[in-house]
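Topology and contacts: notes
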Amino acid sequence: MTGWLAGVRFPLRVGLYLMCFLLLPSTGRAQDAAMPSTPSEVEVERSLPADVTLTATDEVVVKGVRVPYRVTTGTQPVYGDDGKPDAALYFTYYERTDVEDRARRPLFISFNGGPGSGSLWMHLGYTSPKQLVIDDEGYPVQPYGVRDNPHSIIDVADIVYVNPVNTGFSRILDPEADRETFFGAEPDVRYLAQWIDLFVSRQGRWSSPKYLIGESYGTMRVAGLAGQLQNAHWMYLNGVILVSPTGLGLDPEGPEPRATILKLPYYTAAAHYHGKLPPALQSRGLEELLPEVESWALDVYLPALSRGGSLDDATRREIAGRVAAYSGLSERTVLDHNLAVPTSYFWKDLLREEGYTIGRLDSRYLGVDRQNAGDSYDYPAELTSWNHAFAPAVNQYLREDLGFETDLQYYLFGPVRPWSGGDPDYNGGERLRQAMAQNPFLHVMVQSGYYDGATDYFTAKYVMWNMDPSGRLQDRMRFEGYYSGHMMYLRAEDLEASNEHIREFVEESLPGDRPASYGRIAPPGGGP
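Figured I'd write up the structure that's included with this text. Given the structure is predicted, the values throughout are model-derived calculations rather than measurements. (Residues numbered from 1 in each chain as written. Predicted model: local features only at pLDDT ≥ 70, side-chain atom pairs only at ≥ 80, totals over all residues. Heavy atoms only, no water.)

Glancing now at the packing of helix α4 (residues 120-127) against helix α13 (residues 381-401). The axes of two packed helices give the description: the angle between them and the distance between them. For the pair α4 and α13, interaxial distance at closest approach is 10 Å and the crossing angle is 90°. Classified by the interaxial angle, the pair formed by α4 and α13 is roughly perpendicular. Here α4 contributes Leu120, Trp121, His123, Leu124 and Gly125 to the contact with α13, which in turn contributes Trp386, Asn387, Phe390, Ala393, Val394, Tyr397 and Leu398. Split into classes, the residues belonging to the contact of α4 with α13 amount to nine nonpolar, three polar and no charged. (Axes fitted to C-alpha atoms, helices over the stretch in contact; angles between N-to-C directions. Helix = DSSP H or I, 4+ residues; strand = E, 2+ residues; numbered from the N terminus. Parallel < 35°, antiparallel > 145°, perpendicular 65-115°, else oblique. Contact = heavy atoms within 4.5 Å. Nonpolar A, V, L, I, M, F, W, Y, C, P; charged D, E, K, R; others polar.)

What follows is the structure in structure tokens.
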């Protein structure tokens, strides 16, 4: 809203109605505001109030303990340089209500990726008090909807789920606003840091321990935000959680993140899941097998690929045979791809004889193509399954259960292109490293699924190692792997384990009475 209503927050139903009433053409008939009859009036009703919230209370049982909480959903403005709202971000905020000391109560700020993805995935799949209805392996079931999440971290932390501009219900409000203000790696962290600053101020949470959690491209986002919040807003964090991280813009001395060489352990995991490894390998558990493949990939496979066409035939065939064994593909296939089979071909070829493709983000999922021939699948089997379950759940929960009334479409994936993500100066990993170096309280945890073929788990390890080339920060870094894919929390067993790992991470990263200091190097001979 602009003018005399700017910055005023109304109850949700009043705010939505008032917004429509003020913007609709004046006809002198009250029913016109409720029953638009022209396309232009319908378009007006589909706009979003800049600053409106709705609050409800509920409770959930977590680890056998009843946890009462308040849920607030609505919008908060993104202000332009002129002090007027350029955009409104839709959020959902959960606060435990039986807590007296908010200064010791952690606050989590949660983002998904894309970069045009809404916050629904971790909201209804992972950490919140509500979880979408799926089976124990993460597949859609009917009737759609949500249920209580007994593994939510609401027992130890409050959580806000944020939808960046043009994701979820969030929208640009000022038609004159420059899209480059929002859509790019650098502007993304700049305006989101300003929004977080305002949110923390409004909620009175400056004294609370604060954490960022991001998934997929959201890891690039929170890595950059850690630096931006610290350097431009003087907001220091206790932790950053990277769920299925990207390469974070790193430029390491070794292979680029997500290079084919780094995908081999993932190939092994996916082939093992589908029973495609040779019997001697198939009979071993992944916890024993994967470290062997990781070491071979770095110590033998990488030097061999570095030699390119100069590699002698005997060594080439030896390498091809080992890659074939570890990937479940044929030796001929590996040789035909010059020892480095791309992921697109792997997803198409692993189960070609059985007539299926496998998923990109979670290779447990199976797809069926129009024809068996080809070098890539027709569609991502896992993503269609997830959309199938999440879209009805999020719309039912936000619109019906929480009562957020709007004609806007909830964007699972919104229009954020073009995205200026190719800035060579933007290095999210380095910004996170700098933030860690400057803030002895800041810890990082990486969570990855072994069957994720897009942001694979071994690249995640590699990024963690190379984000800190000196090795001085490794004692504040933690890696956890899971027997599922990109959204490892969709598998019931991993939902419980991954949330428990967050609880442990919070406990590890709360300093107690310890000061933020690297200590002291005593001068020679002692002294004061």
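With that settled, the discussion passes to the environment of Arg46. Its location among the elements puts Arg46 in the loop between α3 (39-45) and β2 (52-62). Arg46 sits in the partly exposed class, given a relative accessible area of 35%. As a C-alpha pair, Arg46 and Leu408 span 362 residues in sequence and 5.3 Å in three-dimensional space. Not counting chain neighbours up to four residues away, the residues in contact with Arg46 comprise Asp407, Leu408 and Gln409. (Buried < 20%, exposed > 50% of the residue type's maximum accessible area, 1.4 Å probe, protein only.)

Turning our eyes to something else, we now look at the pattern of salt bridges. Counting across every chain of the model gives 34 salt bridges. Where Asp148 meets Lys130, a salt bridge forms, and the shortest distance between an N and an O atom there is 2.8 Å. With Asp148 in strand β7 (residues 146-148) and Lys130 in strand β6 (residues 130-132), this pair connects stretches of sequence that are 18 residues apart. Lys130 sits in the buried class, given a relative accessible area of 12%. The network of salt bridges with shared partners includes Glu137, Asp362, Arg364, Arg491, Glu493 and Asp494. (Salt bridge = Lys/Arg side-chain N within 4 Å of Asp/Glu carboxyl O.)

With that out of the way, let us pick up the nonpolar core. The tendency in soluble globular proteins is for nonpolar side chains to be buried side by side. Ranked by internal contacts, the top residues of the largest apolar core, which has 94 residues, are Ile196, Leu212, Val240, Phe346 and Leu432. In terms of residue count, helix α5 (residues 185-203) provides more of this core than any other element does, nine residues in total. Judged by nonpolar contacts, the second largest core, of 53 residues, contains Leu120, Ala157, Trp386 and Ala393. (Core = buried A, V, L, I, M, F, W, Y, C linked by side-chain atoms within 4.5 Å.)

The next thing to look at is the side chain of Thr73. Within the secondary structure layout, Thr73 lies in strand β3 (residues 65-79). A polar atom in the side chain of Thr73 sits 3.2 Å from the backbone oxygen of Phe91. When neighbours within four sequence positions are excluded, Thr73 is seen to be in contact with Val52, Thr53, Leu54, Tyr90, Phe91, Thr92 and Leu402. (Polar contact = N/O pair within 3.5 Å; in protein donor to acceptor, adjacent residues only side chain to side chain.)

Right, let's get into the pairing of strand β4 (residues 85-96). With twelve of twelve residues buried, β4 lies mostly within the body of the structure. For β3 and β4, the ladder comprises eleven bridges, and the chain directions are antiparallel. If you follow Tyr69 over to β4, its bridge partner there is Arg96. Between β3 and the antiparallel strand that follows it, β4, lie five residues; Gly83 among them carries a positive phi value of about 80°. Looking at chain direction, β4 and strand β9 (residues 171-172) are connected through two bridges and run antiparallel. Across the sheet, residue Ala87 finds its bridge partner in β9, namely Ile172. Pairing of β4 with strand β8 (residues 158-162) involves four bridges; the strand directions are antiparallel. Paired with Phe91 across the bridge in β8 is Val162. (Pairing = 2+ DSSP bridges.)

Right, let's talk about unusual backbone geometry for a bit. In the segment running from Gln142 into Pro143, the intervening peptide bond is cis, with an omega of 0°. Mapping Pro143 onto the fold places it in the loop between β6 and β7. Residues Arg417 and Pro418 are joined by a peptide bond in cis, for which omega reads 0°. One non-glycine residue with positive phi stands out, namely Ser244, at about 50°. Position of Ser244 relative to the elements: it lies in the loop between β11 (239-243) and α7 (260-273).

Functional significance is not addressed by these values, which are geometric in nature.
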